[in-house]
Amino acid sequence: DVQLVESGGDSVEAGGSLRLSCAASGYTVRTSNMGWFRQVTGKEREGLAGIGRDGRTFYADSVQGRFSISRNYGRTTNYLDMKNLKPEDTAMYLCAAATGVVPSRLLLDATQYTIWGQGTQVTVS
């Protein structure tokens, strides 16, 4: 299995940047699909970015051009680089892993993911 721990959340001024990290462990981590999601109380969880087992990436329209997902060479950590942050980006950000086959078009679908971290809070003012 895979275990995930997010870090890097902070309070930041509008227009600023943050790098979120997701530390991943487990014997299947190198063959997992990874995704970043965010959730605000009372709203549906929103898929932001995904990276497939082959390295392909997919982004939500709302963050295209501002957010970037990547993984280190050993795939023990994945990152969400965020720039030009806006107050509406304020949310709990969660890292997720899917160990099976996930088509690119479903990388932002929360129901495809079975392994989740606890989340890291991002507040933009």
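Before any of the text, the structure's been laid out above.
In short, a report on the structure.

Basis of the calculations
Residues numbered from 1 in each chain as written. Predicted model: local features only at pLDDT ≥ 70, side-chain atom pairs only at ≥ 80, totals over all residues. Heavy atoms only, no water. Helix = DSSP H or I, 4+ residues; strand = E, 2+ residues; numbered from the N terminus. Buried < 20%, exposed > 50% of the residue type's maximum accessible area, 1.4 Å probe, protein only. Disulfide = S-S within 2.5 Å.

As a further point, take the environment of proline 87. Relative to the helices and strands, proline 87 is located in the loop between β8 (77-82) and β9 (91-98). Under the relative-accessibility criterion, proline 87 is labelled partly exposed at 45%. The sequence separation of proline 87 and glycine 47 amounts to 40 residues, and the corresponding C-alpha distance is 18 Å.

Each disulfide is one covalent bond, formed between the sulfur atoms of two cysteines. Applying the stated rule across the entire model yields one disulfide. Covalently, cysteine 22 is tied to cysteine 95 through a disulfide, its sulfur atoms 2.2 Å apart. Taking the torsion about the sulfur-sulfur bond, which here is approximately -80°, the covalent link between cysteine 22 and cysteine 95 counts as left-handed. Within this pair, whereas cysteine 22 is found in strand β3 (residues 18-25), its partner cysteine 95 is found in strand β9, the two being separated by 73 residues in sequence. Each member of the pair, cysteine 22 as well as cysteine 95, carries the same accessibility label: buried.

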